[in-house]
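Overview (structure and organization)
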Amino acid sequence: MNIKLIKLSSGEEIVADVETATDKKILNIKNPLLVNMRVKQPIDPTVGQELEFIFVPWAHFALDRKVPLNKDLVLFVVPPIESLKLDYVKALSNVVKTE
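The structure presented is a predicted model; accordingly, all values stated were derived computationally and were not measured.

What follows deals with the environment of Val 15. Looking at where Val 15 falls in the secondary structure, it is placed in strand β2 (residues 13-18). Using a relative accessible area of 0% as the deciding quantity, one classes Val 15 as buried. Beyond its immediate sequence surroundings of up to four residues, Val 15 is in contact with Ile 3, Lys 4, Leu 5, Asn 31, Pro 32, Leu 33, Val 35, Phe 55, Leu 84 and Tyr 88.

Here it is as structure tokens:
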């Protein structure tokens, strides 16, 4: 998988498997998940605040979970930090199938 963090002009950040580009204006992504963060509860006083990732299906009803994304709507595409990448792979196994 070619997992990337994608920031959209709407402010949304999604994590997805980015497929090889065949069109200069389209970014083909697979299994996109909207990512947010929150403070992990309860807060451990010895560690302090810890953040955790929250994943929400994005374009959940797309056939084959593939979405052509207009590059004009993309601010940047970068490799995610390792913990985000690992949590994304784990979250994919928990996504409800809609077949």
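Moving on from the coordinates now.
Another point: the pattern of salt bridges. Summed over all chains, the structure comprises two salt bridges. In this structure, Lys 7 and Glu 13 form a salt bridge, with 3.4 Å as the shortest nitrogen-oxygen distance. By relative accessible area, Glu 13 is classed as partly exposed at 28%. Taking the shortest distance from any N to any O, the salt bridge between Glu 52 and Arg 38 comes out at 2.8 Å. With Glu 52 in strand β4 (residues 51-57) and Arg 38 in strand β3 (residues 26-39), the pair connects residues that are 14 residues apart, well separated along the chain.

Once that is clear, we can look at unusual backbone geometry. Its identity is not glycine, yet Asn 31 carries a phi of approximately 55 degrees, on the positive side. Tracing the chain through its elements places Asn 31 in strand β3. Using a relative accessible area of 17% as the deciding quantity, one classes Asn 31 as buried. One non-glycine residue, Ala 59, lies in the positive phi region at around 55 degrees. By the element assignment, Ala 59 lies in the loop between β4 and β5 (66-70).

The rules behind these values
Residues numbered from 1 in each chain as written. Predicted model: local features only at pLDDT ≥ 70, side-chain atom pairs only at ≥ 80, totals over all residues. Heavy atoms only, no water. Helix = DSSP H or I, 4+ residues; strand = E, 2+ residues; numbered from the N terminus. Buried < 20%, exposed > 50% of the residue type's maximum accessible area, 1.4 Å probe, protein only. Contact = heavy atoms within 4.5 Å. Salt bridge = Lys/Arg side-chain N within 4 Å of Asp/Glu carboxyl O.

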